[in-house]
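# Breakdown of the fold
Below, each chain spelled out in residue letters.
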Amino acid sequence: MSNSDLASRVPLRFPSASATFAIAIAGYLGVNLSPYMIGALQSALGADVLTASWIVTGALLATAIVGLAIAPLCAGPRRRLVARAGLALGIVGFGAAALLPLPGVVVGGLLIGGAGAGGAVAAAGAALAAFRNPDRVAGFNGLANRGIITVVLAVLPVIGLAPLEVFGALALFSLIGLVLSAWLPAAPVHGPQAGAAVAEAMPVEIPPTGHVRQIPARSAATTRTVTIAGFTLLVTFALWAASEDSLWAMAGVMGTEQAGLTPEGLGIALSGATAGGLLGSLVLTIVGDKLGRAAPLGILLVAGGALKIAEGFAADPTTFIVLFVAWNTIYALAFMYFVSTSAALDADGRWSGPLLAVYLVGSSLTPVIGAALVEVLSFQGFAIALGIASFVLAVPTVAVARLSTRLQREERAAASSATTEEVPA
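Predicted model, so just to flag it, every value in this text is computed and none were measured. (Residues numbered from 1 in each chain as written. Predicted model: local features only at pLDDT ≥ 70, side-chain atom pairs only at ≥ 80, totals over all residues. Heavy atoms only, no water.)

## Re the confidence of the model for the chain
Low pLDDT means the predicted coordinates in that region are not meant to be read closely. Condition: A residue's pLDDT is the confidence the predictor assigns to it, expressed on a 0 to 100 scale. What makes two residues a contact is simply this: any of their non-hydrogen atoms within 4.5 Å.
Averaged over every residue, the pLDDT of the chain is 83; the share at 70 or more is 87%. Overall, residues 191–213 carries pLDDT values under 50, and its contacts beyond four positions in sequence, including any with other chains, amount to 35 contacts.

Below you can see the structure in the form of structure tokens.
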């Protein structure tokens, strides 16, 4: 049997892409709105900053834990069911928190909504692997995510930051994702005999040829190698994400105390960082997989580490802002390469599903981690530690990226060979 699963992947089309990206945005929206959520909790409950922060952290951890736990289901025929159940929980939980500002309802609603977001994150992450050219798809996903989040972050303060607006926005995006979920790419069928049975059990993706998308069986050795590589990528990504988001969490404190950054300067830095992320997404949509993954990821992690170290020694606002924007641009591009690497390992999303949830585990705890490291190491030591972490993590990351690129090339070669054999002489 060929170990190719390229034939099981689908081209990027608007319906399936819009469903995947919208569900991913719904799952990740709480992370991006966390500062607004803290303010809304203070307004609704009269809670102090620490209490409100822990409630939001609990909701984000619920997203991460549920996403990790339920990700294996998203690599099989229950992907759409998981997405719809998670989005429905998001509508109920966040909607209740928005409409009934009672302490028990708000806290419970956020935890339920956060858990539901975990299902959305896992389903959307797994669905990213269903498309051909994972690099370009990761770029489009990043472009859609950053573009829409930028608009939401800008519009919400104008509308209002009360519980109705903030938690209502989370419920609204869950509703949008639920409406579009019918177009979410289904997981392909494993094995040549499985198609008919699964087709009878549930709807599956059927290309124009009318055949059920199938994943030909891989050899045992290849399967073991991919499994080891997948787990390595998840662990590496979790550690890398924690180091990156620790710097993000401490950026305001570092900029103010070390470089004399004003609140206006911090706003410029954060806005520039968002623009840098959009630029990185655009670059990846254009470049796709032309450069492979191993070399770009290695370069990005090393460059990102160097910029993190430099950030720790920036002594004036302008230098700090320039370094921060450059670092965040590289960070966003590396993030998307991590996503494309995980998606290329398996067309069923076995690794891209949990990858997005793994990110949230570290992300939800980085304010505490960053503050503890700064207290022990100082700003300079903190930055050096984060930079060294990037250098070390580049080694396993490049190894897995090289494997994913090789597998994708083999997929294409096998698909090309199969196409040639099917053409009548």
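## As for the packing of aromatic side chains
To describe a pair of aromatic rings, you give the distance between the ring centres and the angle between the ring planes. Operational definition: Geometry of aromatic contacts follows a simple scheme: Phe, Tyr and Trp rings, the Trp one being its six-membered ring, pair when their centres are within 6.5 Å, and the pair is stacked under 30 degrees between planes, edge-to-face over 60, tilted otherwise. Secondary structure follows DSSP: runs of H or I at least 4 residues long count as helices, runs of E at least 2 residues long count as strands, and numbering of each begins at the N terminus. Only protein chains enter the accessibility calculation, which uses a 1.4 Å probe; a residue whose area is less than 20% of its type maximum is buried, one above 50% is exposed, and one in between is partly exposed.
If you walk through the whole model with that rule in mind, you get 14 aromatic pairs. Judged by centre distance (5.1 Å) and plane angle (75°), the ring pair of F231 and W351 falls under edge-to-face. Here F231 is found in helix α9 (residues 220–259), whereas its partner W351 is found in the loop between α12 (317–345) and α13 (352–422), with 120 residues between them in sequence. For W351, a relative accessible area of 6% puts it in the buried group. Ring geometry for F237 versus F338: centroids 5.0 Å apart, planes at 55°, classification tilted. Residue F237 is found in helix α9, and its partner F338 is found in helix α12; the two are separated by 101 residues along the sequence. Taken as a pair, F237 and F338 share a single burial class, namely buried.

## Description of unusual backbone geometry
Even without being a glycine, N133 presents a positive backbone phi close to 55°. For N133, the location among the structural elements is in the loop between α5 (103–128) and α6 (134–159). Notably, S378 is not glycine yet its phi reads approximately 75°, a positive angle. When you line up the elements, S378 lands in helix α13.

## Things to note about the packing of α9 against α12
Here is the rule: Note on method: axes are straight lines fitted to C-alpha atoms, helices fitted across the in-contact stretch only, with angles between N-to-C directions ranging 0 to 180 degrees. Angle categories: roughly parallel below 35 degrees, roughly antiparallel above 145, roughly perpendicular from 65 to 115, and oblique for all the rest. Crossing handedness follows the turn of the near helix against the far one: under a right angle anticlockwise gives a left-handed crossing, and clockwise gives a right-handed one. Polarity classes work like this: nonpolar for Ala, Val, Leu, Ile, Met, Phe, Trp, Tyr, Cys and Pro, charged for Asp, Glu, Lys and Arg, and polar for all others, with Gly in that last group.
Direction vectors running N to C along α9 and α12 enclose 165°, while the axes themselves pass 11 Å from each other. Comparing their axes, α12 and α9 come out roughly antiparallel. Crossing of α9 over α12 shows left-handed handedness. When the residues that make up the contact of α9 with α12 are grouped by side-chain class, the tally is 19 nonpolar, five polar and two charged.

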